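# Summary of the model geometry
Listed below, chain by chain, are the residues.
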Amino acid sequence: MSSEEFEKLHEMYRSLYDEVKLMPDRAQRCQGEERKRIVRDFDERVSEAEEMLQGMEQDLFGAPSSFRTPMSTNIRLYRRDLAKLQREIRLSTTPGFSSHIGDGRQGIYAAQNDQSTHLQSQRALLIQGTESLNNASKSIERSQRIAVETDQIGTDIIEELGEQREQLDRTRDRLVHTGENLSRSRKILRAMSRRLVTNKLLLSVIIIMELAILAGVVYLKFFRN
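Each chain carries its own residue numbering, running from 1 in the written order of its sequence. Local features in this predicted model are restricted to residues whose pLDDT is 70 or higher, and side-chain atom pairs enter the listing and the counts only when it is 80 or higher, whereas totals over whole chains, interfaces and linings include all residues. The basis for the side-chain values is all heavy atoms of the structure; hydrogens and waters are excluded.

## Some remarks on a negative patch on the surface
The condition that has to hold: Candidate patch residues must exceed 30% relative accessible area and have no salt bridge, after which like charges are joined if within 9 Å and Val, Leu, Ile, Met, Phe, Trp or Tyr side chains if within 5 Å. Throughout, the Shrake-Rupley method with a 1.4 Å probe supplies accessible areas, and for residues the shown protein chains are the sole cover considered. Any Lys or Arg side-chain nitrogen found within 4 Å of a carboxyl oxygen on Asp or Glu counts as a salt bridge. His is not counted, nor are the chain ends, whereas Lys and Arg count as positive and Asp and Glu as negative. To locate a charge, take NZ of a lysine, CZ of an arginine, CG of an aspartate or CD of a glutamate. To qualify as a helix, a DSSP run of H or I must reach at least 4 residues; to qualify as a strand, a run of E must reach at least 2; elements of each kind are numbered from the N terminus.
A surface patch of negative charge is lined by D156, E159, E160, E163 and E166. Relative to the helices and strands, D156 is located in helix α5 (residues 103-223).

Right, here's the structure in full:
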């Protein structure tokens with residue numbers, strides 16, 4: 001139900017109650033079939049009023065506490081008033097009933113009011129217990145939803161870490177291959193360096209030998225004669 005339907009039921013109940021509260025006096029002034037007809041009409045109207053109160057009570061489960069608390073009190077008072085009217089019309093149809101209410105009737109009203117108050121207290125406790133149970137169920141649902149979301153986040157993190165590990169493994173393999181290539185390159189460079197030094201030495205020996213031969217030829221040609 002919506003708050004608009006609650007207000008509608010409330011107005012209908014007030015209108016119906018204004019009609020019902022006049023019936024005990026009418027039944028007291030009537031006799032025979034007329035009185036029976038008023039009693040039947042009264043029972044029907046009270047049943048309708050009870051249904052309206054039940055509908056209003058159901059609507060209070062989803063209402064804010066600031067609105068629910070005073071309206072729960074009003075509904076308890078409405079039920080008490082209906083019970084009082086029912087007692088009055090039953091007494092009005094009892095033989096020997098007088099318009100003046102004696103002490104005996106006051107005692108009956110007091111006992112019945114105590115019983116009605118006790119029943120209303122039990123009903124209020126039941127409403128509060130149901131509300132607490134609903135709140136606990138909602139809290140459990142929220143906790144379960146958070147647990148599922150947390151589990152999903154953990155799964156995503158694990159998958160991401162797995163991908164990062166694969167990337168690191170591939171990078172490590174590339175570094176290992178690069179190191180091997182650098183090692184081979186260094187060996188090649190050292191071999192080339194040794195060959196270059198050897199070639200320089202051979203070239204120096206050749207140049208020295210050529211210079212020695214040239215010096216020998218000059219000596220033999222110009223100084224020996």
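## Things to note about helix α3 (residues 32-59)
At 3.6 residues per turn, the α-helix brings residues three or four places apart onto the same side. Here is the rule: One fewer than the residue count of a helix, multiplied by 1.5 Å, yields its expected span. Type-normalised accessible area, obtained with a 1.4 Å probe on protein chains alone, sets the label of each residue: buried when under 20%, exposed when over 50%, and partly exposed for intermediate values.
Its 28 residues place the ends of α3 41 Å apart at the C-alpha level, agreeing with the 40 Å of an ideal helix rising 1.5 Å per residue. Every buried residue of α3 is listed here: R35, I38, V39, F42, V46, A49, M52, L53, G55, M56, E57 and D59.

## Side note on the pattern of salt bridges
Between side chains of opposite charge, a pair can form when the charged atoms approach closely. Under the definition given, this model contains nine salt bridges. Ionic pairing is found between R90 and D43, a salt bridge with its closest N-O pair at 2.9 Å. One end of the pair, R90, is in helix α4 (residues 65-92); the other, D43, is in helix α3, with 47 residues separating them in the sequence. Measuring nitrogen to oxygen at the nearest pair gives 2.7 Å for the salt bridge that ties E50 to R79. Here E50, found in helix α3, pairs with R79, found in helix α4; they are 29 residues apart in sequence, far enough to count as distant. Residue classification places E50 among the partly exposed residues on the basis of a relative accessible area of 23%. Residues joined in a network through salt bridges with shared partners are E34, R37 and D41.

## Section: the packing of α3 against α4
Defined as follows: A fitted line through C-alpha atoms serves as each axis, taken over the contacting stretch for helices, and the angle formed by two N-to-C directions is quoted from 0 to 180°. For classification, angles of less than 35 degrees are called roughly parallel, those exceeding 145 degrees roughly antiparallel, those between 65 and 115 degrees roughly perpendicular, and all remaining angles oblique. Should the near helix be turned anticlockwise from the far one by less than a right angle, the crossing is left-handed, and should it be turned clockwise, the crossing is right-handed. Contacts are assigned to residue pairs with any non-hydrogen atoms lying within 4.5 Å of each other.
Packing of α3 against α4 brings their axes to within 11 Å, and their N-to-C directions diverge by 170°. In terms of their interaxial angle, α3 and α4 are classed as roughly antiparallel. In this structure, the crossing between α3 and α4 has a hand that is left-handed. For the pair α3 and α4, the contacting residues are R35, V39, F42, D43, V46, A49, E50, L53, Q54, M56 and E57 in the first and I75, Y78, R79, L82, L85, Q86, I89, R90 and S92 in the second.

## Description of the nonpolar core
The condition is simple: Put simply, a nonpolar core is a bunch of buried Ala, Val, Leu, Ile, Met, Phe, Trp, Tyr and Cys residues held in one set by side-chain atoms that sit within 4.5 Å of each other.
Membership of the largest hydrophobic core comes to 24 residues, with the highest contact counts inside it found for Y13, V20, F42, L53, M56 and L82. At the level of secondary structure, the elements contributing two or more residues to this core comprise α1 (3-20), α2 (23-29), α3 and α4. Take this core: its biggest share by element is eight residues, from α3. Filtering out sequence-adjacent residues up to four positions away, Y13 remains in contact with A49, M52, L53, Y78 and L82.

## Points about a positive patch on the surface
Side chains of R184, R186, K187, R190, R194 and R195 sit close together on the surface and give a patch of like positive charge. By the secondary structure assignment, K187 is in helix α5. On the basis of relative accessibility, which here comes to 52%, the residue K187 falls in the exposed class.

## Considerations on the confidence of the model for the protein chain
Heads up, the rule is: Known as pLDDT, the predictor's per-residue confidence is scaled from 0 to 100.
Looking at the protein chain, the pLDDT average stands at 80 and 84% of residues meet or exceed 70. Here residues 97-107 is a poorly scored stretch, pLDDT under 50, and it has nine contacts once near neighbours within four places are set aside; other chains count.

## Section: a nonpolar patch on the surface
Taken together, the side chains of L214, V218, Y219, L220, F222 and F223 define a hydrophobic patch exposed on the protein surface, amounting to about 680 Å² of accessible area. Here F223 lies in helix α5.

## Side note on the packing of aromatic side chains
Quick reminder of the rule: Centres within 6.5 Å are what make two rings of Phe, Tyr or Trp a pair, Trp counting through its six-membered ring; a difference in plane orientation under 30 degrees is then read as stacked, over 60 as edge-to-face, and the rest as tilted.
Summed over all chains, the structure comprises two aromatic pairs. For the ring pair Y13 and Y17, a centre distance of 6.1 Å and an interplane angle of 25° mean the geometry is stacked. Of this pair, Y13 and Y17 both sit in helix α1, four residues apart, roughly one helical turn. Residues Y13 and Y78 carry aromatic rings whose centres are separated by 4.7 Å and whose planes lie at 35° to one another, so their mutual orientation is tilted.

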